[in-house]
Amino acid sequence: MASASASAAVTLTARGKAINGADDNEKLNKDEKKQDNMNQKENVKKKKEALGWMEWLRGWLYIVYEMLFQRIMASHLANPMPLAPINDLTFIVTGSTSGIGREIARQLAEAGGHVVMAVRNTNAAHDLIRKWQEDWTGRGLPLNIEVMELDLLSLESVVRFAEAYNARLGPLHALINNAGIFSIGEPQKFSKDGYEQHMQVNHLAPALLSILLLPSLLRGSSSRIVNVNSVMHYVGFVDTEDMNVTSGKRKYTSLVGYCGSKLAEVMFSSVLHKRLPAEAGISVICVSPGIVQTNVARDLPRIVQAAYRLIPYFIFSAEEGSRSALFAATDPQVPEYCEMLKADEWPVSAFISQDCRPTNPSEESHNVETAYRVWEKTLELIGLPLDAIERLLEGEEVECRYRASKE
């Protein structure tokens, strides 16, 4: 009996503790919920409006490191870069009349690819083709290059280009979004669509072009979207409620516009990489060409241009700067790497450094929540529905707000 009483006492005690524990847990849960609500309110109040100073400092240190040591890091690469066989493959290269884009187009054509120069100045492109054909005489078959008009400052022009190319019902094996602007020191300017020019040319227009060309990229599977990005995205910041940087929360400078547009491109690419199913066979890659002496420098202040010329050892030529994009567009191992990232649910898309090796983009680019906000805001700004990707992959037509009205 004594042992039974003792056992009952223990049971009751245990039950009492369990009840008290349950009460305590309930109180704790209520306290935790209150704390979560308070934290959420605090987070709303303390919404990130710029990079933290440590992120900013690390970003600039990385940029300086890249400039000082990029030539050493890329010393293993040949120049020009030998390319894998690309006969019968089709490439669209935007901004291909100067700088890195011109080198990409020329080298792809000389390696046997069919190159479409997507440019605003078609006369300059035709002049280049004539020169390249003359230089190539006697070295092989005539270069397979053509020109199509594309003005990234007009989203209507982007839609027209995509419709014209898709109407061919042919494959596209790589879209190389190379065109970009960096108008250092210039006042804030807007496109006729109403968007800050850096944001439109460097991000919005390439995003629209990439999505609208999905039908052709599907026909070219395994295919690739290669976005020529910049190391400057390491100091970029994107506020999806102020993509034009007009609210006054941040002071606009061309550096703010440029770096923000390049970060937006990385974030958008990361979500696009996740939204495209593996069976589509379309890889999304961002590349850094390094610090390159190109026509982007034409917009730099004269003193900065002079500095560019004084340190030629550190600065890449356009031919050297083209290597990472050429690698991303042609190397057979790149799709495997992209598939591995997708399988591992890595938060960002593939990013290839100027030395043609995978690298990690900026800390801010890993902010998945912001990346999805950038994705949704971008689709809104370029006039596409949120389910555009899925519908295009299913073979449906998708209406874009910037499609020219048909009379």
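Structure: above.
Quick caveat: nothing in here was measured; it's all calculated off a predicted structure.

Caption draft 1: Just the packing of aromatic side chains, in detail. In total, this model carries five aromatic pairs according to the counting rule given. With a centroid separation of 5.0 Å and 40 degrees between ring planes, the pair formed by Tyr65 and Phe69 is classed as tilted. Of this pair, Tyr65 and Phe69 both sit in helix α2 (residues 53–73), four residues apart, which is roughly one turn of the helix. For the cation-ring pair, Arg323 lies above Phe316, with the distance from its terminal atom to the ring centre recorded as 5.4 Å.

Caption draft 2: Examining the side chain of Asp331 more closely. Relative to the assigned elements, Asp331 resides in the loop between α11 (323–330) and α12 (334–343). Of the side chains bearing the opposite charge, Arg224 lies closest to the buried Asp331, which forms no salt bridge; the N-O distance is 6.0 Å. Within polar-contact distance, the side chain of Asp331 engages the backbone nitrogen of Gln333 at 2.9 Å.

Caption draft 3: Representation of the environment of Ser283 in the model. Looking at the secondary structure, you find Ser283 in strand β6 (residues 282–287). A relative accessible area of 7% means that Ser283 is categorised as buried. Residues Ser283 and Lys342 lie 59 residues apart in sequence; the distance between their C-alpha atoms is 9.9 Å. Not counting the four nearest positions on each side in its chain, Ser283 is found in contact with Ser223, Arg224, Ile225, Pro335 and Cys338.

Caption draft 4: Spotlight on the sheet that holds strand β3 (residues 145–149). Taken together, the seven strands give an open sheet; going across it, the order is β3-β2-β1-β4-β5-β6-β7, and neighbouring strands pair in parallel fashion. Unpaired on one side and paired on the other, β3 and β7 (350–352) mark the two borders of the sheet. With strand direction ignored, the average angle separating the axes of adjacent strands in the sheet is 20 degrees. Note: strand β4 (residues 174–177) against strand β5 (residues 223–228), four bridges, orientation parallel. In the strand pairing of β5, Ile176 is matched with Val226. Relative to strand β1 (residues 90–94), helix α3 (residues 99–110) is tilted by about 165 degrees, and along the sheet it contacts β1, β2 (114–119), β3 and β4. Relative to β3, helix α4 (residues 122–136) is tilted by about 175 degrees, and along the sheet it contacts β2 and β3.

Caption draft 5: Structural view of the nonpolar core. Core analysis: the biggest nonpolar cluster contains 55 residues, and Ile92, Phe161, Leu208, Ile211, Leu213 and Leu384 have the highest contact counts within it. At the level of secondary structure, the elements contributing two or more residues to this core comprise β2, α5 (155–166), α6 (197–212), α7 (214–219), α8 (254–275), β6, α13 (368–381) and α14 (388–393). When neighbours within four sequence positions are excluded, Leu384 is seen to be in contact with Leu208, Ile211, Leu212, Leu379, Val398, Glu399 and Cys400. In terms of nonpolar packing, the next biggest core, distinct from the first, is built from 41 residues, Ala74, Ala105, Leu108 and Val119 among them.

Caption draft 6: Local environment of the side chain of Asn166. Relative to the elements of secondary structure, Asn166 occurs in helix α5. If near-sequence neighbours (up to four positions away) are discounted, Asn166 is found in contact with Leu212, Leu213, Pro215, Ser216 and Arg219.

Caption draft 7: Inspection of unusual backbone geometry at higher detail. Cis geometry marks the peptide bond from Asn79 to Pro80; its omega dihedral reads 0 degrees. With respect to the element layout, Pro80 can be found in the loop between α2 and β1. Residue Ser222 is bonded to the preceding Ser221 through a cis peptide linkage, with omega at 5 degrees. At Val245, a residue that is not glycine, the phi angle is positive and equals roughly 55 degrees. Tracing the sequence through the fold places Val245 in the loop between β5 and α8. Overall, the relative accessible area of 8% leaves Val245 in the buried class.

Rules used in this analysis
- Sequence order as written defines the numbering, with residues in each chain counted from 1.
- For a predicted model such as this one, the threshold for reporting local features is a pLDDT of at least 70, and the threshold for listing and counting side-chain atom pairs is 80 or more; totals across whole chains, interfaces and linings nevertheless cover every residue.
- Neither water nor hydrogens contribute to the side-chain values; these are computed over all heavy atoms in the structure.
- To pair, rings of Phe, Tyr and Trp, with the six-membered ring standing in for Trp, must have centres within 6.5 Å; the planes then decide the type, stacked if under 30 degrees apart, edge-to-face if over 60, and tilted in the middle.
- What counts as a helix is a DSSP run of H or I of at least four residues, what counts as a strand is a run of E of at least two, and both are numbered from the N terminus.
- Working rule: Lys NZ or Arg CZ, within 6 Å of ring centre, within 35 degrees of ring normal, means a charge sits over the ring.
- Relative accessible area decides the class of each residue, using a 1.4 Å probe on protein chains only: under 20% of the type maximum gives buried, over 50% gives exposed, and in between gives partly exposed.
- By the counting scheme adopted, Arg and Lys are positive, Glu and Asp are negative, and His together with the chain ends is not counted.
- The term salt bridge refers to a side-chain nitrogen of Lys or Arg lying within 4 Å of a carboxyl oxygen of Asp or Glu.
- Whenever two N or O atoms come within 3.5 Å, that pair is a polar contact, provided that in protein one can donate a hydrogen and the other can accept it, and provided that, for residues adjacent in sequence, both atoms are side-chain atoms.
- Note on contacts: a residue pair qualifies if any of its non-hydrogen atoms lie within 4.5 Å across the two residues.
- At least two bridges found by DSSP between two strands is the condition for calling them paired.
- Every axis corresponds to a line fitted to the C-alpha atoms, with the helix fit spanning only the stretch in contact, and the corresponding angles, defined between N-to-C directions, vary from 0 to 180 degrees.
- Here, the term nonpolar core denotes a set of buried Ala, Val, Leu, Ile, Met, Phe, Trp, Tyr and Cys residues that are joined through side-chain atoms within 4.5 Å.

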